[in-house]
Structure formats: C-alpha cells, structure tokens
Amino acid sequence: MEETLTTPFWIVFISSMAAVLIALCGRAPNLREAIIFLAAICKLALLSTLTSGVLDGKLYTFTLINLLPNVGLSFKVDGAGLLFAFVSVTLWIPVTIYSIGLLRPKKDLSQTRFYACFSIAISSAVGVAFSANLLTMFIFYEILSLSTYPLVTHNQDDEAIKGGRKYLTYLLTTSVGLALPAMIIVYQHTGSLDFTGGGVFNDKTSNTLLTILVVMFLFGFAKAGLMPFHAWLPGAMVAPAPVSSLLHAVAVVKVGVFSIIRITTGIFGVDLLANTPSLTTIICVIAAITLITASLIALTQDNLKARLAYSTIGQLSYIILGVGLASASGIAGAMLHIPMHAVGKITLFLCAGAIYEACGAKYISQMNGIGRKIPFTFTAFFLGSLCVIGLPPTGGFISKWHLLNGTLDSIQQWTFAIFLISSFLNAAYFIPIVFKGFFSAPSDEKVYNKASEPSMLMVAPMLITATGCLLVFFFSNFLYQFVEQFLNVYAKTN
Amino acid sequence: MIEHLPILIILGPLLGAVFASLTSWYRPKLSFPVVIFGLAISSLSAILIVFKLAFSELDVIHYQLGGWGTPEKDEYGIVGIQISVDYLNGLILATVSTIGLLTAVFSTRSVERELTGQQRYFFSLFSLLVSGLLGISITGDIFNLYVFMEIAALSSYALIAYGKGRSYMASFNYLMMGTMGACLYLLGVGFVFVKTGTLNIENLSQIIPQTLQNSQAVFVGFVLIMIGAWAKMAFFPLHGWLPNAYSYAPTASGALLAPLATKVSVYAMLRIMITVYSIDYVLKSPSIQSTVLLLSTISILVGSFFSITQSNLRKIACYFIISEIGYMVGGAWLANEPGLKGAIYHVVADAAMTSAFFMIIGCIVYRTGQTELKKLDGLFYKMPLTFVALIITMAALIGVPPTCGFFSKFYLIQGAVQAGTWHFVIALLISSLIKAIILFRIIEIGYNKVPNPAKEGNKTITREEAPLSMLIPTLIVTLSLILIGLFTDKLVTNFIAKALPEIPSL
Amino acid sequence: MEEFIDKFNYVLVVILMMTGLWSMLAQNNLIKKCIGMAIFQTGIILFFISIGAKNNALIPILTETANHTYNDPNVNEVTNPLTQILMLTAIVVGVATLGVGLALAQKVHQQNDSFDEDEILNNQTK
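Residues numbered from 1 in each chain as written. Chains lettered and ligands numbered in written order. Predicted model: local features only at pLDDT ≥ 70, side-chain atom pairs only at ≥ 80, totals over all residues.

## Focus on the overall build of chain C
Point 1. Looking only at helices and strands, chain C features five helices and zero strands.
Point 2. When the helices and strands of chain C are read in sequence order from the N terminus, they spell out α-α-α-α-α.
Point 3. On C-alpha atoms alone, chain C measures out to a radius of gyration of 21 Å, which is more than a quarter above the 14 Å that the 2.2 N^0.38 rule sets for 126 residues.
Point 4. Expressed along its principal axes, the backbone C-alpha trace of chain C runs to roughly 75 × 45 × 15 Å.
Point 5. Relative to its full complement of 126 residues, chain C shows a buried share of 25%.
Point 6. Within chain C, residue pairs in contact and separated by at least 24 positions form 52% of the contacts whose partners lie at least 6 positions apart. (Helix = DSSP H or I, 4+ residues; strand = E, 2+ residues; numbered from the N terminus. Rg over C-alpha atoms; globule rule 2.2 N^0.38 Å. Buried ≥ 20, exposed ≤ 12 C-beta atoms within 10 Å, placed from the backbone. Contact = placed C-beta atoms within 7 Å.)

Printed below as a string of structure tokens:
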C-alpha cells in the first residue's frame, strides 16, 4: 500500500528552513531558540500524522525530482524510517534545552552557527531515515558529514581543528572511496538503487561480487564506526557536550548503522543474506571484532568522553551484528537498539558534559565521591548506563533480548557468546564509575569541593532522557509495532 | 529572424569585437556596452535555439553560408561552409555564450583595476575570443573549425600576455604548443580531405564510417587531429603550458579562458570522435583506446598530485583543470554510453565549476591582491559570501551530492565500471579525495585559523566583499552548480542522451 | 627509388615539417622557435597545395564565353581550387601567429635582455 504524500518532504526540509531563519535571527537569541522549538514541534506533529497510517501498513512515498534515470530524490516512510525520525527529532528538544543552558551563560558568539548547523544535521538525519533509495541516502549522508563539521570544530582551537580534520578525513574518504563506487557498481549491475523487500540483485550475481560489495558498504558508511574506520569518533569528542550527545549518540552514528540496515535489508535483501552464509559470516566477524575490541579499549580509557566514545563504537556493532544474523528477531533487535541505545547514550553524554561543567572533571579518576554532591546528575548517569548495559527496567534490556533471540534463530549461533561477553564488559566499564562516584572517598579535593549541580536548563534535559530510558522499557511494545511493519516489508518470509 | 539564429550566435560577439574597437576611437567607454550587447545577443540566440531544438522534432538545425547550398543537394555544395546546431553543440553553445556574458560583466571592475586605460582593447579581444570559441562549437566544417580555433587561440595569447611580467613567456609557450596543436590538426584535416574530398562534418560522417574504415590515411588523420586537440586542451603529456599561462594572466582573462578554452577543445575532440569517425571506429583500435585511457588516468593523477603541492590558489585551480581534462578525455574514450554521457555532462558541469572557481579567485584578488593560500586566513569573516561560494565550488569539484560534480563522476565511474577500466575508477576517487584535502586546507585557513572576530578581545575583521558587479555573476554561476546537479536527469534525457551517437553493443 | 621520386613532394613536405617541429621543440632561442613554427606551417601549406595539384593542369580560372556566361571548367584540366583557397586562409593565420609570436618574443627580450629560454627561466625563478 503505497501512497504519495508531500509530508515526508516537509518533515525533512522544515529544519533546513529553520536553519535559514536561525541564521537570520542571530541577533535575537530568544527568537532564534523559539524557532528551533517551533520547528521541532512542527516536525513531531507532522511525524505523528503519519504514525497511524504507517502502523496500518501504509508506505508514504514522494519523489521530489529525478536525478538519474530510474533514480530520484525520493522519500519513502516506513516503520523503521519513522521510528528513527521520531528518535532523532524527540531527542533534539532536550538537547536544545541543554545547549541553551550550556552556551548562553558563556556568551558564546558562534551560537547562531551552532544552532543552524544543528538544524541542518537533524534535517539530513531525517532525510536518511526517509530515503527511498541509495542515492538519496548517500546525498543526505554527505550533507550530514559536512554540516556537522562546524559543530565538531565549534571551539576553533587546535585540538578542535585536529579532531575536525580527522572527522572529515575518515568520513569522506570512506564514503567517496568505498560507498560511492559500491553504489555505482550496484547501479551498473542492476539498474536500480531502490530499497525493496527482496533486494535488487538477482540470482546471477556472483558471490565474490556480493562479498566485495558488502565489505565496501560496511566500511564505506564509516559513521557506523566499524574498526578500523572508527578513530574519528573519539577524535570528534572535542566537540561541546550537546554535539557529542546528539550527534555521536543519535544522529551521526545512528545514521551510519541505519544506512547499513537499509542496505542489507533493502539492497541485498534478508533472504539473500540468510541463504548466503559467507556474507553473514563476514558481517558478523567484522562486527564481533569491533564489539569486543572497542569494549576492551573502553575499559582502559580514563577520559570519560573517550570511554563513552569507545562504548558507542561497541554498541553500534551490536546493531550491525544483529543485522548480520539475517533473522527476523535479530533485525528487530538491531532496529530496537537504535532508540534504546540512543536514549541511554544521550543521557550519559549529557551527564559527562554536566559533570565537566559542574566541577571541571574530565577524567574518571577525578570523579570519586562527587556523586554525593551532584546526585541528580549521577542518578541520571546510573540509569543511562543501565540502559546501555541492557539491564531491566531500562530499554536496553528489550533490544538485547531480541538480539539474543535472533542469534538462536540464525546460523551464526556463536555470536550468542559475543553478546554475553560484551554485556559483561559494558557493565565492567560503567558500574565502577557510578559506584565510586557515590561511595568512594573523594580522590581530587579541588574537584570535590567545586562540585555543585549545574543550572536547571542542563539538569532537566538529563532527567528527561533518564526517565526516557525507563519509559522505553515499559512502552517497548509500541516501538515494536514500528519494527513489525518494517519486518513485514523486508523480512516477511523469514 | 528565427531562421538566422545560428549565425547570430557568432555574429554577436564578432561584430561586438569589431565595433568595440571602432567606437572606442570615438569614446572609449562605449566599448564595454557594445561587447555586452553582442554577447547578450549571442547568449539569447543560443538559448533560444536550444529550446527550439528541444521542442521541435528536428535533430539538427543547419544554416548555409554564402548561398552555396548543401553538399547533398547542390553541385558545389561541398565548397560552402555550413554551420549546424544539434543536441551536442547546442548545450556547449548555450554554456559558452552564457558564461562569456557573465564573465564580461564580472571582469569590468577587475579590468578597470588591473589594466587601467586598456579596457577597450581588452574587451575587443574578449569578444573575439568568445566568437572564436562559439565558432568552434557551431561550425559544421572541419577546416572552418581550424580557423575558429586559431581566432580563439590568437586572442587568448594576447589576453594572457596582458598579465605582464612572467605572462609573456607563459603566453609564448602557449603559442608554441597551441600552434603545434593547430598545425597537427590541419595536417590531419589534409589527410582526411585527400581521401574524402570533403570537409563537411555531416558529409564526412557518412563517408568515413561506411567506406573508409580501413584506410591508413584516414587513420593517420584521426591520430593527428586527436593529438592536435589534446595539445589545445592541455591533455597529459601536452599540459606543460597551462598552469603558467592561466595563472599569470590577468584575473579576468583567466576567468574567461580557463573554463571555456579547454572545454571547447574537448568538444572539438568529441565531435571528431563521435560524429566524423563514429564510436565504432574508436572501438576498432583497442590498443590506442587503452593507451588514451591510461593517459587520462595519469593526467588525473598528475593534475591532482601537483595541485596539492601548490601554495597558490590560482595554481591549484590550474592543476585542477588538467585533472578535469583527464576526466573528460577518459570518459569519451571509454566509448560506452555512461562514459560518453559523463564526458558531455562534465564539459558543461566543469565549465561552470571552473568558471565559478576563477571568478571567486578574481573576487579574492580584487580585495586582497593575492591568492597565496597562507595569506587567506580569516577570509570567511572578510568575504563570507565569496568564501561560501568557494566551498560550494570545491564541493562540486570533489563531487559532493547534489552538486553537478557528483553526477558527472557518477556517470564516469559507471562507464569505467562497465568497461572494466578500474585504474580510471581509482584515479577518479583519488582525485576526489585530494580535492577534499585541499578543501579542508582552505576551510582551516579561511575559517578556523583566526579566532572568531565577533568575540570580545579578538581582532576585528571588517567585511569587504567584492563589488556587486563581480559578486553577482560569481554567485549566479555557483548556484548553477547546484541547479545543474538537481536537473541532471532532465539534462541527460532531453539533451545528452539525444546527442549520443549509436553505440555498438559489445 | 621510383616511388621515392614519384612522391618527392611529400618527402619534401615531411622534411620541412620535421625541421620546423624540431626547431620549435628543441631550440632554446625564442626567435628560432618562431622560425621553426613558420617552417612547419609552410610545410603544411605545401602539403595541401601539392595534394590539389595535377600534371599539366591549368589555374582554375573560368573562361568567359559570350553573353557573360561561363563554361564549366574541365575538372581534369585544372588544379583543385579548394586547397588553394584553404591555404590562403592558413597563410593568413600563419602570418598572424608568427606576428604575435615575434611580438611576445620581443616583450620577453625587453624584460630579460635575452632570447635564450634557459636564461629567461633562470631570471624568472630568481
């Protein structure tokens, strides 16, 4: 059931238009921020108009313009896209509140640029969510890379410039060097780039070519942070806290994994993957290596943001591993892990930023005991880490449940062990922080004495997202409905 | 009137050149409006004729000069010069004349500053150059093509030499290389003429592919013509003259020559390849084909690697041209559908990209007096619009979607994949990445190197954009990069696909 | 040998063109380069003229008969006029190019006081 509707287009472009307005209203901060909220609310309202239709199994499509024969700048809204769009737009609101709380008092004069680029980034994330074909997705993917560069280098000091250079180098090199040729090879081979249920390949495509393409796509969309193309993520942590939280917990990295989900389900097709063990093995092995290595590296990091960054790399591999299982529940788990991990990790990043604002502590070794002085922040941190580790009653439990289920349906059953080991590692690198924060004696007197809760504008968003971690657990069935629609289209036979 | 449109395209700038120098004896200031008027007529006629072509059933619009008639119908028709517009050159004509017009508007202020008192000569030459380039594109006669080639070349030698200093030697080297290319072309024409007895392109296209497939003389002619065209377009290894010639020329000359002169030579090559000799003929000599593809790969790599070693924005732009030439020659010699589509599309796209780049350089030179990369720090705060235009142009050159550069690269890579020419694919990607590195360098220097001047305590930088007469054409061309990209499908299906000859399926 | 004599015009043309080309590329002196260019062009002009020539042929001029009408010339008795016309144009182009080339060489000489390419390059990169 496809229906042509311009709403998807407006949902994508509303925040780009907001970006223009934001740029024009640079002199009037209140008006500028009002525009952001207005845009976010409009986006949410438009998204919710599509919800009931999508849950009834409808697909909303819209083609803006034809770019190549057979391939247009087209949008298609399905369960997965809608879910992802909801996640990124909903989380945009608390992060904006948080950034107001963080940047306003500093009289930062690049705020206008910050908010404008942020809006464009949200636009392109939603654009990726709604893309109907690989080309459209690639376009929004590139716009996202470019529009987030000013955000990463926001501080404009040497460290920021270095981080930004790394960021763009990794993302552009891989997308231009691997994803683009892979896309062109697909187009040359099949004449189509549309995401369709059964994939675009026919039986004649050789296994070797498929294998090469899978590898090219996996590494080409480096936003997914698969090793060895992961180094941009810790590098980009020089950005201000709201940027790391939204972009490196939600928009940027999730766009990477979402792209890979789309490609594996829409271009290759679940059936093809399930029937070609060599392909799933490659995906699973690459993801498993990244998963374990990243978790181990995270253990060794003393810088809180760096530990979070490596944890993110590991969690992203959960999603890719889920896709690699090529079973319905594996993919469902992967899809669900996007919102679950997003809400958990965003809380953690916001907390890291808040701790730094509260007492200037960047390193975990400095944080002993400060939990007693900033209890709200640390409680939020605790809930966030529960969600990322995957313990009830937080959302992470649900997605990991589906993922573990998926391993049993799949031929890649060895991944069951990988999931378990990595969950232990997750616990090992998060729980001590919380534990020492509350119960240890202060390690750094200067930090301890300075610590006090940051402004309400920063605490409130943290608490909202921390509550979110719990809510997604209790309302996970609602989220699952979206995933179910997605599975109906892309993984029916499975 | 409408049937005389084809000739108006060349007559506009040609008469403009003549009258500009004549009226300037009476009043020097008149030369500029005269030239603009001529160029506007030409641009308008070119666009009209393209639309006429698109909305009629015709494949080609002919126009006979001198009343000799056509080679098919009339006894002495062979003697007459024919000009014709089809889908291939219609596109080129519209691009060349429009960019010529915009560049003329753009160059007023810059010429006023750099060549004070000599504007009238400059604009006569400018107009003459545009008419030469339009002539190459519109003519239906291979000897006439040579004549127009030399008209364009002679005026460009003079335009470059206006740069004083090192430009004289640069222009002299260009003259040697250009004349050698033109002479080889002429020699090739001689070989073709000996065998066929005709110079008319359409006539040749019926004779050569059908009856003279195996003639040695015609083959030698083909090779000579190709080498001639390559020398003119600075294709590796005949590229040595280009960087100096275009970077020591006055900025206005550079802005006109760089985008158009080389692209029109590429058109000439395409015309000879696909119309006169047919793709079949090209495919019949695979060893030459693979050599040319290898040379294009080297050309792309050489251009890219040299560009990254340069510290001057103009030199960087010049080496970009060399690598872009590799794109087009390579695309054409892939001799399959996507490759040719990509080559033709890239001629238009690259004309716009290079034009935007050189106009931006012109704006920067006008305000800062130099283009050393190191000295461009804080450019974003000084000239924000120009800087944004520079970033968009660079993005197009890299091939970031949805700019036009992405789609030309898409077609070219598709063509190379289809032909299995992997070294060409890799060269395209490497050149993209190198351009990306240069873009970062520009961003870091122009944007991040100085502390934000809006912040208290930091040095303030006053905003100082180039004058509007320079800025507006620059922005128009820059915007067109995105528009061309967005309307790729329309452009390809309505024009470029129709311009392609029949391509034998392998 | 007979073939060689038959085609001596082409041999001559090739010798001329190669002399010119060699002089353009290998000579260091700017004026010699210009001379080489002129020789190269002359070679091509001769090539075109000789392909239009025939044994014992007349100049292609129409003869007037009564009442201002003209006889069609017998194509076997006259040389090909087209090549000659073409070369008229080519000569003009060649003269113009040579003029521009010499003018540029003179400008370079004014600046560097030398016609020698290496010396000029040394001067400029100094």
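Let's pick the thread back up.
## Notes on the overall build of chain A
Point 1. What chain A contains, in helices and strands, is 19 helices and three strands.
Point 2. C-alpha extents for chain A along the principal axes are approximately 70 × 50 × 40 Å.
Point 3. Across the 494 residues in chain A, those meeting the buried criterion constitute 62%.
Point 4. In chain A, once contacts between residues fewer than 6 apart in sequence are set aside, the share between residues at least 24 apart is 82%.

## What about the interface of chain A and chain B?
Point 1. With 25 residues of chain A at the contact, the number on the chain B side is 25 residues.
Point 2. No other element matches the 12 residues that helix H6 (residues 158–190) of chain A contributes to the side of chain A that touches chain B.
Point 3. Grouping the amino acids of the side of chain A that touches chain B by side-chain chemistry returns 16 nonpolar, seven polar and two charged. (Nonpolar A, V, L, I, M, F, W, Y, C, P; charged D, E, K, R; others polar.)

## Things to note about helix H8 (residues 216–233) of chain B
Each turn of an α-helix holds 3.6 residues, which means side chains three or four residues apart point in the same direction.
Residue and element names in this part refer to chain B.
Point 1. For H8, which comprises 18 residues, the first-to-last C-alpha distance of 26 Å matches the rise-based estimate of 26 Å (1.5 Å per residue) to within 8%.
Point 2. Close packing links the buried residues of H8 with helix H5 (142–161), helix H6 (167–196), helix H7 (201–211), helix H10 (251–283) and helix H12 (313–334).
Point 3. Directly beyond the C-terminal end of H8, a positive phi value near 65° is found at alanine 234. (Expected span 1.5 Å × (residues − 1).)

## Some words on the confidence of the model for chain C
Point 1. The predicted model of chain C averages 84 in pLDDT, with 99% of residues at 70 or higher.
Point 2. Confidence estimates for the predicted assembly give a pTM of 0.84 and an ipTM of 0.91. (pLDDT = per-residue confidence, 0-100.)

## So, helix H12 (residues 304–324) of chain A
Residues and elements named next belong to chain A.
Point 1. Spanning 21 residues, H12 covers 30 Å between terminal C-alpha atoms, matching the ideal 30 Å at 1.5 Å per step.
Point 2. Counting buried positions along H12 yields 21 of 21 residues, so the element is predominantly enclosed.
Point 3. Immediately beyond the C-terminal end of H12, within one or two residues, lies alanine 326, with a positive phi of roughly 55°.

## So, the pairing of strand S2 (residues 82–86) of chain B
Residue and element names in this part refer to chain B.
Point 1. With respect to burial, S2 is a largely interior element, four of its five residues being buried.
Point 2. The pairing of strand S1 (residues 60–64) with S2 spans five bridges and is antiparallel. In the sheet register, valine 60 faces S2, and the bridge partner there is aspartate 86. (Pairing = 2+ DSSP bridges.)

## Brief notes about the interface of chain B and chain C
Point 1. Between chain B and chain C, the contact holds 22 residues from the first and 26 residues from the second.
Point 2. Take the side of chain B that touches chain C: its biggest share by element is 13 residues, from H6(B).
Point 3. Tallied by class, the residues present in the side of chain B that touches chain C amount to 17 nonpolar, three polar and two charged.

## Points about the packing of helix H11 (residues 286–309) of chain B against helix H17 (residues 422–448) of chain B
Residues and elements named next belong to chain B.
Point 1. Packing of H11 against H17 leaves a shortest axis separation of 9 Å and a crossing angle of 15°. As summarised for this structure, H11 and H17 are arranged roughly parallel, according to the angle between their axes. For the crossing formed where H11 meets H17, the hand is left-handed. Across the interface between the two elements, Leu293, Ser296, Thr297, Ile300, Leu301, Ser304, Ser307 and Ile308 from H11 touch His423, Phe424, Ala427, Leu428, Ile430, Ser431, Ile434, Ile437 and Ile438 from H17.
Point 2. Each residue belonging to the contact of H11 with H17 can be placed in one class, and the counts come to 11 nonpolar, six polar and no charged. (Axes fitted to C-alpha atoms, helices over the stretch in contact; angles between N-to-C directions. Parallel < 35°, antiparallel > 145°, perpendicular 65-115°, else oblique. Left-handed = near helix turned anticlockwise from the far one by under 90°.)

## Details of the confidence of the model for chain A
Point 1. Across chain A, pLDDT averages 83, with 98% of residues at or above 70.
Point 2. The least confident element of chain A, judged by mean pLDDT, is helix H17 (residues 445–450) of chain A at 73; the most confident is helix H11 (residues 277–300) of chain A at 88.

## A look at the pairing of strand S2 (residues 59–68) of chain A
As a general feature of sheets, a regular strand has side chains that alternate between the two faces.
All names here are of chain A.
Point 1. Examined bridge by bridge, strand S1 (residues 2–4) and S2 share three bridges and lie parallel to one another. Bridge pairing in S2 links threonine 4 to threonine 61.
Point 2. Here S2 pairs with strand S3 (residues 71–77) via seven bridges, running antiparallel. Bridging across to S3, tyrosine 60 finds its partner in valine 77.
Point 3. In this antiparallel pair of consecutive strands, S2 and S3, the connection spans two residues, and asparagine 70 shows a positive phi of 80°.

## A closer look at the nonpolar core
Side chains that are nonpolar tend, in soluble globular proteins, to be buried together.
Point 1. In terms of nonpolar packing, the biggest core is built from 424 residues, with A:Ile320 and A:Met335 touching the most fellow members.
Point 2. Not counting the four nearest positions on each side in its chain, A:Ile320 is found in contact with A:Ala224, A:Leu226, A:Val257, A:Ile260, A:Ile283 and A:Ala287. (Core = buried A, V, L, I, M, F, W, Y, C linked by C-beta atoms within 7 Å.)

## Some thoughts on the sheet that holds S3(A)
All names here are of chain A.
Point 1. If you trace the three strands from one edge of the open sheet to the other, you get S1-S2-S3, paired in mixed fashion. Each of the sheet's edge strands pairs with one partner strand only, and the pair in question is S1 and S3. Across the sheet, the axes of successive neighbouring strands diverge by a mean angle of 35°, strand direction being ignored.
Point 2. Against the sheet, helix H1 (residues 7–24) touches S2 and S3, its axis set at about 70° to S2.

## Some remarks on the packing of H5(B) against helix H4 (residues 81–112) of chain C
Point 1. Contact geometry for H5(B) and H4(C): axes closest at 11 Å, N-to-C directions at 15°. As the angle between them shows, H5(B) and H4(C) are arranged roughly parallel. When you trace H5(B) past H4(C), the crossing you get is left-handed. Residues B:Phe143, B:Val147, B:Glu150, B:Leu154, B:Tyr157, B:Ala158 and B:Ala161 of H5(B) form the contact with H4(C), whose participating residues are C:Leu86, C:Thr89, C:Val93, C:Ala96, C:Thr97, C:Val100, C:Leu104 and C:Lys107.
Point 2. Grouping the constituent residues of the contact of H5(B) with H4(C) by class yields 11 nonpolar, two polar and two charged.

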